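Fold and contact review
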Amino acid sequence: MALTLTFSAALWGGVAVVASLLGIYFFRTRSKPQTVGSLLLWAEQRRPSEGGRWLQRPQMPLLLALEIMTVVLIALAAASPRGVSSSQAIPLLVVLDDSYSMKAGGDDSARSQGMRAVEKEIVDHPGYQVRLILAGARPEFLGETCRAVVQIKSLWQGWKCGSPVGELDLGIALARETRDFSARILVITDHQPPEGFSDGRMQWWAFGKARPNFAFINAGRTMFGEKDRFFVELANLSSSPMRVGGQVENGSLRPFSLDIAPRDSRREVFDIDSATSPIRVRLPPDDLTIDDEVVLLPPQQRLVKTSVHLGSGPLQGLVERALAATGFIEAASGPADLLIRGDVGIPALPGLSALPALPGLSERPGQWVMEFQPVFGASSFVGPFAIDRESPLAEGLALEGVIWGSTATGTLPGSPVIFLGNVPLLTEERKAQGGRLFRVSYDVGRSNFHNTTNWPIFFWNLVRWRQSLLPGIPQPNLRLGMEAHLQTIPGQPDAKVTAPDGEILMVKSAGEGAVFLPYTPGIHTVENGSEKFAFAVNCLNKKESDLFQSSSGQWGDWTKSENFRQESLDLSWAFLLPAALLLGIHLLLISAAKGGIRP
Amino acid sequence: MGEMERTFLREGEAAGAPYRLGVPSQLQRGLGGIRVGRGVGSSLEFLDHREYQPGDDIRHINWNALARSDRLTIKLFREEVSPHVDLLIDGSRSMALEKSEKARAALGLVGLLAKAAENAGFTCYPWQIKAGCDRIYNGHLPPSSWEDIELSHPGDAGSALGRLPPRLRPQGLRILISDLLWEADPSSIMRILGNQAAAVLVVQILATSEVRPSFLGNMRLVDAETGREEDIFIDQAALARYQAQLSRHQEHWLLACRKVGASMVTLVAEALVGSWKPVPLVEQQFLMAV
């Protein structure tokens, strides 16, 4: 049974009393030296029963020994000793800081020390029921409840420390919600707790160490036509000015060197020739290697395959010019990503909700279609217009002063995007596998919408929206901690993501795409059907790379909580009983001494 | 021997100038000398006539009386003797008790008695009792010229005296100066001193702290000779017991002295060095004014 003193300040009182007792005995019984001619005449004198030369010979008066033992026992009892059986089951929730700064230092890292400390704690208290919680950008449980070190060891591999932030507050909140008040919470991190940390249920163990570090804190790659450029921003997270050298790898090695003041950063822009290959920028390895390399993939130029079928009227040209102005389209030679069609001379009846299918323009899964509806008995209107600002199509539109020619009555299927009073002018309808059908009631002869700036804006919105939902990953370069959005090929919802370390993650698209969180810096590859995509993840977080504030120590005391009093036994009696016994012996000896027997 | 001891001897020698050593009646015998003895001797001073007996020196036959009376008579002349004193001083460390005047008093008294002996025409042999009894070097000279006298022996002078007694001159005066704080039997010591002695004087010198100790409480008493320590609680009762113990010890010595016809006086060191008037010795006529 482990013994814990919940009021250890009482021991200081005991120490003070014992010291006073010793002082009293010492000064009261100390012998003063006196030289005499001979001890002959003093031979029959009485020797003192207390004091004397016990400093030279360890000879303690019995009464003093009894008094000291009694005081010590009473002090221990006053310290409120409580015991917890080693076999008693106690829930322990271990919140593990999953940020990458925990890996600084290699074998001496906070992660390694934390693992050893947790294992030792479990060995010392076999009754623990341990549950691990990873506190990264968002908290999550790691494995199931464990009771043995062997089980814990098997879970450590899941503690990757790859998150750019360690949201310990969220992890602690999850721990509090998981179990009732009886659970103990242990936080393993590399920095000290926030000000005012005082929680009897929680202990905070930090194993960090202030270290200098050079890190990339920002990086980007852009392409302007045939010109490719990228930039990196480096931070000197140390206390002295340093010159840091590195190299750019883009088919060939290109060294560079930068002088950076302490606690400062510098941004450097590079022009590169080979616009298709990935770029790697490396720094010499230091205690934290994860932020010493940046990989940048070239920006993807994804064009929307469009097909416009609006007959011979002016609308065909207006639409084609607006689409071409975006710069993100190409004429579809096969199935189009975006099909714009309208009244091409086929008679349509009033009240018909959809155009009949055009020969050779049948919809394919996931295709976007915009239909210009035939207008009968149209009139011109200047409003009032109502716009669904939630729709990406409506971004930047301003319809004040716009004349819109349309029928005054009637309806269009789908969710309205632009209203004229209560008459929908533009609607959106979702189709299977990410397809969308937009219906527009627009009489080009009675309108001036196409002569305003709203016209190119409208088609820019349409094309960019469609482009963002093309299969693949829109952003090729991600920061660690950012979610990767994968737009899967219609009809191919399953994708395999291969991390730089070879770990494979299977993702499944739900709705229009899949979202997942990559943990490893480097180039990830995605296989989706017959298509392959790639994206790069870089560790760019100045706050997390800054190891200057790392520290070590232990804070908190479980025995200070009210809960500890419930899970432990009061052991004061085990000290008070012997103390009472010793007091009795003391009284007996004093009584005997008064009777002539001196102890 | 340090300068301090010589100073004490010189101080005692000066104090002894007004005194001469008293001659006890037993001391009117001895070797031929300059002093008139009690017995028949060979001096020129006529004492008496008696009849010749075989063995008498025929040079003293009164031939005139033989011619007148036809009887052999002899002329008796007064004996001339040379008195001698042996001064024995306890050389143990307790005689130089710290924070007391015992050393000054002891050495000063030796010097005083030696000077008084010289004034009285005594020959004087000073002895120092350490591991054994040794004649003090240059002892035939005035005390201020003596050498190698030190009160530093870490042992009991009584046992040394019993183990290696001095070769004392018969029919001499023997004076022992000591604190007598010995475990040895006083009778055996006195038998040694009293053997063939004309007179024995034992002078006990004690410090005031030994005669009337005033320390109370828990004391760690340190034996000046052996360094042995003893923790003792001293209260008024303990002091009374000490006084009784001291008195009993002195009585033992007095009794032993009486057995051999010796005299014993006790001097308090601090009182002696205050005036250099050894009143008890004068009262017992061991010292007389010149």
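Structure's up top.
Residues numbered from 1 in each chain as written. Chains lettered and ligands numbered in written order. Predicted model: local features only at pLDDT ≥ 70, side-chain atom pairs only at ≥ 80, totals over all residues. Heavy atoms only, no water.

**Observations regarding the sheet that holds strand β15 (residues 293-296) of chain A**
Residue and element names in this part refer to chain A. For clarity, the cut-off: Only strands that DSSP links by at least two bridges are regarded as paired with each other. Numbering of helices and strands runs from the N terminus, with a helix taken as a DSSP run of H or I at least four residues long and a strand as a DSSP run of E at least two residues long. Lines fitted to C-alpha atoms define the axes here, with helix axes fitted over just the stretch in contact, and angles between the N-to-C directions of these axes take values from 0 to 180 degrees.
Read from one edge of the open sheet, four strands run β12-β11-β14-β15, paired in antiparallel fashion. The sheet terminates laterally at β12 (253-260) and β15, the two strands that pair on one side only. Between one strand axis and the next, the sheet turns by 20° as a mean value, whatever way the strands run. Where strand β14 (residues 279-282) and β15 come together, four bridges link them in antiparallel fashion. Within β15, the position partnered with Arg282 by the bridge is Glu293.

**Observations regarding the side chain of Ser100 of chain B**
Residues and elements named next belong to chain B. Heads up, the rule is: By the criterion applied in these results, polar contacts are pairs of N or O atoms within 3.5 Å in which, for protein atoms, one can donate a hydrogen and the other can accept it, and in which residues neighboring in sequence qualify only through two side-chain atoms. Residues count as neighbours in contact if any of their non-hydrogen atoms are within 4.5 Å of one another.
Here Ser100 lies in the loop between β4 (84-90) and α3 (102-119). Polar side-chain contacts of Ser100 include one of 3.4 Å to the backbone nitrogen of Lys102. Once you skip the residues sitting within four places of it in the chain, Ser100 turns out to touch Ala207 and Glu270.

**Details of helix α5 (residues 168-178) of chain A**
Side chains of residues three or four places apart in an α-helix project in the same direction, reflecting 3.6 residues per turn. All names here are of chain A. For clarity, the threshold we go by: Burial classes: relative accessible area under 20% of the type maximum marks a residue as buried, over 50% as exposed, and values in between as partly exposed (1.4 Å probe, protein chains only). Relevant arc is that of directions from the helix axis to the C-beta atoms, nothing else.
Along α5, the residues classified as buried are Leu168, Gly171, Ile172 and Ala175. Viewed along the axis of α5, the buried residues span an arc of 95°, placing them on a single side of the element. In α5, those exposed residues whose orientation departs by more than 90 degrees from the buried face are Asp169 and Glu177. Looking at the buried positions of α5, the neighbouring elements they touch are β4 (90-97), β5 (128-135), β6 (139-146), β7 (184-189) and β8 (202-207).

**Quick notes on a nonpolar patch on the surface**
The cut-off we apply is this: Exposure above 30% relative accessible area and no salt bridge define the residues that can form patches, which grow by joining like charges within 9 Å and nonpolar side chains of Val, Leu, Ile, Met, Phe, Trp and Tyr within 5 Å. Using a 1.4 Å probe, the Shrake-Rupley method yields the accessible areas, and only the shown protein chains count as cover for residues. The salt bridge definition used is simple: a Lys or Arg side-chain nitrogen within 4 Å of an Asp or Glu carboxyl oxygen.
A cluster of nonpolar residues, Ile74, Leu576 and Leu583 of chain A, forms a patch on the protein surface that exposes about 250 Å² of accessible area. Relative to the helices and strands, Leu576 of chain A resides in helix α10 (residues 573-594).

**Some details on unusual backbone geometry**
Residues and elements named next belong to chain B. In this model, Asp70 sits at a positive phi of 60°, which is unusual for a non-glycine residue. Along the polypeptide, Asp70 turns up in the loop between α2 (63-69) and β3 (73-81). For Asp70, a relative accessible area of 65% gives the class exposed.

**Section: the interface of chain B and chain A**
Just so we agree on the cut-off: Buried area: the accessible area, evaluated with a 1.4 Å probe, that two parts lose upon being put together, summed over both parts. Residue polarity follows a fixed list, in which Ala, Val, Leu, Ile, Met, Phe, Trp, Tyr, Cys and Pro are nonpolar, Asp, Glu, Lys and Arg are charged, and the others, Gly among them, are polar.
Listed by partner, the interface residues are 32 residues for chain B and 23 residues for chain A. For the pair chain B and chain A, the two sides together bury roughly 2,800 Å², of which 56% comes from carbon and sulfur. On the chain B side of the interface with chain A, the three residues burying the most area are Asn218, Arg220 and Asp231 of chain B, jointly 23% of the side's total. If you look at where chain B meets chain A, you find zero salt bridges. At the boundary of chain B with chain A, the tally comes to nine residue pairs in polar contact (both at pLDDT 80 or more). Going through the elements one at a time, β9 (217-223), β10 (229-234) and α7 (236-259) of chain B are the ones with two or more residues in the side of chain B that touches chain A. In terms of residues, the side of chain B that touches chain A owes the most to one element, α7 of chain B, which gives seven residues. A class-by-class count of the residues in the side of chain B that touches chain A yields 17 nonpolar, four polar and eleven charged.

**A word on the nonpolar core**
Rules: Buried Ala, Val, Leu, Ile, Met, Phe, Trp, Tyr and Cys residues that are joined via side-chain atoms within 4.5 Å together make up what is termed a nonpolar core.
Of all hydrophobic cores here, the largest spans 43 residues; its most connected members are Leu21, Leu113, Ile175 and Val203 of chain B. Setting aside its immediate chain neighbours within four residues, Val203 of chain B contacts Leu109, Ile175, Leu176, Ile177, Ser178, Val265, Leu267 and Leu281 of chain B. Val304, Val308, Phe328 and Leu469 of chain A belong to the second-largest nonpolar core, a separate cluster that totals 39 residues.

**Topic: the packing of helix α5 (residues 186-194) of chain B against α7 of chain B**
Each pair of packed helices can be summarised by the angle the axes make with each other and by the distance between the axes. Residue and element names in this part refer to chain B. Note the cut-off: Crossing handedness follows the turn of the near helix against the far one: under a right angle anticlockwise gives a left-handed crossing, and clockwise gives a right-handed one.
It is the contact of α5 with α7, at a shortest axis distance of 9 Å, that shows an interaxial angle of 35°. α5 and α7 meet at a crossing whose hand is right-handed. On α7, the residues touching Pro186, Ser187, Ile189 and Met190 of α5 are His252, Trp253, Ala256, Cys257 and Lys259. For the contact of α5 with α7, a count of residues per class yields six nonpolar, two polar and one charged.

**Some details on the packing of helix α1 (residues 3-15) of chain B against α3 of chain B**
All names here are of chain B. Definition in use: Comment on the angle field: the value is read as roughly parallel under 35 degrees, roughly antiparallel over 145, roughly perpendicular from 65 to 115, and oblique elsewhere.
It is the contact of α1 with α3, at a shortest axis distance of 6 Å, that shows an interaxial angle of 45°. By the criterion of interaxial angle, the relationship of α1 to α3 is oblique. For the element pair α1 and α3, the recorded crossing hand is right-handed. Contacts from Glu5, Phe8, Leu9, Glu11, Gly12, Glu13 and Ala15 of α1 reach α3 at Ala103, Arg104, Leu107, Gly108, Gly111, Leu112 and Lys115. Looking at side-chain class alone, the contact of α1 with α3 contains six nonpolar, three polar and five charged residues.

**Description of helix α2 (residues 62-78) of chain A**
Residue and element names in this part refer to chain A. Worth spelling out the cut-off: Between the first and last residue of a helix there are one fewer steps than residues, each counted as 1.5 Å, and that sum is the expected span.
Here α2 contains 17 residues, and its C-alpha end-to-end distance of 24 Å stays within 8% of the 24 Å for a straight helix at 1.5 Å per residue. When we look at burial in α2, the residues that qualify are Leu63, Leu64, Ala65, Leu66, Glu67, Ile68, Thr70, Val71, Leu73, Ala75 and Ala77. Note on α2: the residue one or two positions beyond its end, Ser80, has a positive phi of about 55°.

**Topic: the environment of Arg565 of chain A**
Residue and element names in this part refer to chain A. With respect to the secondary-structure elements, Arg565 resides in helix α9 (residues 562-567). Judged by its relative accessible area of 38%, Arg565 falls in the partly exposed class. Sequence separation between Arg565 and Thr6 is 559 residues, and the spatial gap between their C-alpha atoms is 9.0 Å. Those residues in contact with Arg565 that lie beyond four places of it in its chain are Thr6, Ser80 and Arg82.

**Some details on the sheet that holds β10 of chain B**
Strand order in the open sheet made by the three strands is β2(A)-β9(B)-β10(B), with mixed pairing throughout. Only two strands of the sheet have a single partner each, and these edge strands are β2 (32-36) of chain A together with β10 of chain B. The sheet shows a mean angle of 35° between the axes of neighbouring strands, taken without regard to direction.

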